[in-house]
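Examining the three-dimensional arrangement
Single-letter residue listing:
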Amino acid sequence: MQKLFFIILLNFLLINKSYALIEVDITRGNLDPLPIAVSPLHVDIKSEDFEGIRIKELGENISEIIENNFRATGLFSPLKKEAFVQKPDIAHLKPRFEDWRLIKAQALITGKILIKDEKLKVEFRLWDLAATKEMTALAFTTTPSNWRRVAHIISDKIYERLTGEEGYFDTRIIYVAESGPKNQRVKKLAIMDQDGADTKYLTLGNELVLTPRFNPTNQMVTYMSYFRNMPRVYLLDIETGTQEVVGNFPGMTFAPRFSPDGKKIVMSFAKDGNSDIYTMNIETRVVERITDHSSIDTSPSFSPDGKFIAFNSDRSGLQQIYVMRSDGSGVKRITFGSGIYGTPVWSPRGDLIAFTKMRKGKFYIGVMRTDGTGERLLTENFYQEAPSWSPNGRVIVFYRETKAGLKGEGFTAKLWSIDITGYNERQLKTETDASDPSWSSLLSK
Amino acid sequence: MIKSLIYSITFHSVMILLTVLSLPFMLREPIDLPPIVSVELIQISDKTNIPFAPKARKIIEDTKKKEIERLVSEQAPPSAKAKEKPDRIPLPNEKKEKKKIVKKKQNPEEVKPEIRQSSEFEKKEIIDTNQIAALIDKAKEEEFVKQKKTDNITQSSKKNSFATGLTLSEEDALRAQIFGCWSVPLGLPYDENLLVRIKLQLKKDGTIMKSEILDHMRMNRPGQKFYKVLAESALRAVRLCQPLKVPPTGYDKWKEIQLNFNPTEMLRG
């Protein structure tokens, strides 16, 4: 019995000795880009050269593309290679974490390449240097000429692992390449990788081309072209290069855009002098009228679930953005700010709408929620428009023109990108002047 | 058999009773927190010059007597300089005051008018300081009484403050250290719950023995990829920061610590 009481007493003492768990709230941190080390990919000694690809340089070239991709996001800061202590081959097997931490890196990318039997094999590993462990590792086999895409795919995988969001590097941007003086512009359809490499021209420039738009599900493009001063809507398959006319439409036709399932095109054209919104089924070519209003309705854009369409209309006097169901019912005005709103584009994530706003002679690119609240203007300039979303809904690409002199001199048009936070505004590299960009979905999806 | 059963039942019921009784006590501890403020008040009052007050009062009284002895006229006009004098009188400057008085004695003719000028003010101020000193004394007494009254409470609250947490400065030091190490991932969604709770077991030198994400189940849920990224960034911050800036004493209270990472405010702000 005494023992029992002793135990009870001991229990009591223990209870009194136990401390409540200390909690500390951490509500702030560093918003600087994450320091990341991209070690050059180690080239396997058994590799053979392949059709002009210098295998010895390939490892470095791939790591350079990865590095540039990460730098362009503004979320990561790749460290200088001169500071690296460990050799690529050893680092790929098992990095000495202390050495990499010493140069303040928080993540490390290593890899190995091998070309054999006309096949390129690339493997990579992503290391968490603080936790001293491997975060992800993958290997790809492809034809050696695809090495650029492999670099982009690796970037996507790493981006996804480090941010939790899908990447956008293995994508392309189609745009209108412009050249010549302002009053005699030659406009060609051009396509390039999102990093500006590998530009191809898809039309000759005999006819005026406008508003190319990617199909969100595959590599098809719809665009407008004037053939003998008649606007035509074209469909172009980028992989095969085949082109077809979807239809001749009367009067002013604007901005055809795909539905999220890629089966319809939504556009506006003027019938009897009044612009309204129509959809057309690509297979059956059946045209359906969506809006019927005496005002000018243009620039339609589907929500990613296909249930709603955002468009602009001047039915309230000034041009504003409206949202309706995809059958044309339930039209609701969502912008009420001062100025003119246009070119609404629904984000692929579905949470935001990007738009162009004109106010007091300035052009703004902005985003807002789909009900019109939370408007944020990301960038202001003399003239800029045509926002297009990266497939992960994180970055917007648009084009910006500079003011021309009296004779059209000094006029340029360039593509720019900006993060939806309003940070990291960058000019994209293009061979010529460029306008009307449209961002593709991931190629490797 | 029956005996042992009875023993067992009584023992169990006693245990249950004890836990039921002891649990509310444990729960009550954090509620007792407010008195911590009074503990801090005492610390502040310790830093002030209250202990010198009785001495100061004596000195003031002495100077008063001396001045009365000198038969200073009360009609002397006040001047701007005089204002400085009362400031010099306050309690800790006893020695200086004495020296001044000595000086006055050395040059009575020259200094007299000054003394006359200041005297009126000094008198008033002296009374004031006395009053203040008295007030402070009173306050001290009251506090002392209070302290006596609430002695048990404050003592227990003292215990509580040690048991439940680090001091504010200790907590701030730790927080500031982790702020510097934490690279917040920038692709986070705005409208999601971004709280990551990490429980740490620490060694005495502040290095980490064990770290555990408390809501780790959430990491593998669909649509919560960002959470994994966020949790990893928090873990990375803790690891980069180690050894953590922990107080040199009281290992028992901080050997286990929970860090609540939440970047919501920062991202919205």
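Moving on, we come to the interface of chain B and chain A. With 42 residues of chain B at the contact, the number on the chain A side is 28 residues. At the level of elements, helix 1 (2-31), helix 7 (151-164), helix 8 (168-181), helix 9 (225-241), helix 10 (251-254), strand 3 (256-261) and helix 11 (264-268) of chain B are the ones that each hand at least two residues to the side of chain B that touches chain A. Per-element accounting of the side of chain B that touches chain A gives the leading share, nine residues, to helix 9 of chain B. Looking at side-chain class alone, the side of chain B that touches chain A contains 23 nonpolar, nine polar and 10 charged residues. Summarising the sheet, strand 1 (residues 22-26) of chain A and strand 3 of chain B pair through five bridges and their orientation is parallel. Bridge pairing links A:I22 to B:I257 in strand 3 of chain B.

For the rest of this paragraph, the subject is the sheet that holds strand 1 of chain A. Strand order in the open sheet made by the four strands is 1(A)-3(B)-1(B)-2(B), with mixed pairing throughout. The outermost strands of the open sheet, each flanked by one partner alone, are strand 1 of chain A together with strand 2 (208-213) of chain B. On average, adjacent strands in this sheet sit at an angle of 25° to one another, irrespective of strand direction. Pairing between strand 1 (residues 196-202) of chain B and strand 2 of chain B: five bridges, direction antiparallel. The residue bridging B:I198 from the neighbouring strand is B:I213, located in strand 2 of chain B. Its contacts with the sheet place helix 9 of chain B against strand 1, strand 2 and strand 3 of chain B, and it is angled at close to 30° to strand 1 of chain B.

With omega at 5°, the peptide bond leading from B:Q242 into B:P243 counts as cis. A positive phi angle, near 50°, is found at A:D117, a position not held by glycine. Tracing the chain through its elements places A:D117 in the loop between strand 5 (107-116) and strand 6 (119-128). Look at A:D436: it is not a glycine, yet its phi comes out positive at around 50°. In this fold, A:D436 is placed in strand 31 (residues 433-439). The class of A:D436 is buried, set by 26 C-beta atoms lying within 10 Å.

Moving on, we come to the nonpolar core. One recurring pattern in soluble globular proteins is that nonpolar side chains are buried together. The biggest cluster of nonpolar side chains holds 127 residues, and the ones touching the most others in it are A:I62, A:A107, A:I353, A:A354, A:I396, B:A234 and B:L259. Residues in contact with A:I62, not counting those within four places in the same chain, are A:L41, A:I113, A:W147, A:V150 and A:A151.

This brings us to helix 9 of chain B. Given 3.6 residues per turn, any residue in an α-helix points the same way as the ones three and four places further on. Here helix 9 of chain B contains 17 residues, and its C-alpha end-to-end distance of 25 Å stays within 8% of the 24 Å for a straight helix at 1.5 Å per residue. The set of residues buried in helix 9 of chain B consists of B:Y227, B:V229, B:L230, B:A231, B:E232, B:S233, B:A234, B:L235, B:R236, B:A237 and B:V238. Contacts from the buried residues of helix 9 of chain B go to strand 6 and helix 5 (147-163) of chain A together with helix 8, strand 1, strand 2 and strand 3 of chain B.

To continue, consider the sheet that holds strand 9 (residues 186-193) of chain A. All names here are of chain A. Read across the open sheet, the four strands follow the order 10-9-8-31; overall the sheet is antiparallel. Across the chains shown, the open sheet's two edge strands, defined by having one partner strand only, are strand 10 (200-201) and strand 31. For strand 8 (residues 172-179) and strand 9, the ladder comprises eight bridges, and the chain directions are antiparallel. Across the sheet, residue I173 finds its bridge partner in strand 9, namely M192.

So, on to the domain arrangement of chain A. Residues and elements named next belong to chain A. Split by domain assignment, chain A resolves into domain 1 (34-163) and domain 2 (172-439). A C-alpha centroid distance of 36 Å is found between domain 1 and domain 2. Taken together, the contact pairs five residues of domain 1 with eight residues of domain 2. Within the side of domain 1 that touches domain 2, the residues separate by chemical class into one nonpolar, three polar and one charged.

Residue and element names in this part refer to chain B. Averaged over all residues, the pLDDT of chain B is 66; the fraction at 70 or higher stands at 48%. Overall, residues 145-163 carries pLDDT values under 50, and its contacts beyond four positions in sequence, including any with other chains, amount to 22 contacts. Predicted complex, confidence summary: ipTM 0.71, pTM 0.71.

Cut-offs and rules
- Residues numbered from 1 in each chain as written.
- Chains lettered and ligands numbered in written order.
- Predicted model: local features only at pLDDT ≥ 70, side-chain atom pairs only at ≥ 80, totals over all residues.
- Contact = placed C-beta atoms within 7 Å.
- Helix = DSSP H or I, 4+ residues; strand = E, 2+ residues; numbered from the N terminus.
- Nonpolar A, V, L, I, M, F, W, Y, C, P; charged D, E, K, R; others polar.
- Pairing = 2+ DSSP bridges.
- Axes fitted to C-alpha atoms, helices over the stretch in contact; angles between N-to-C directions.
- Buried ≥ 20, exposed ≤ 12 C-beta atoms within 10 Å, placed from the backbone.
- Core = buried A, V, L, I, M, F, W, Y, C linked by C-beta atoms within 7 Å.
- Expected span 1.5 Å × (residues − 1).
- Domains from an automatic or database assignment.
- pLDDT = per-residue confidence, 0-100.

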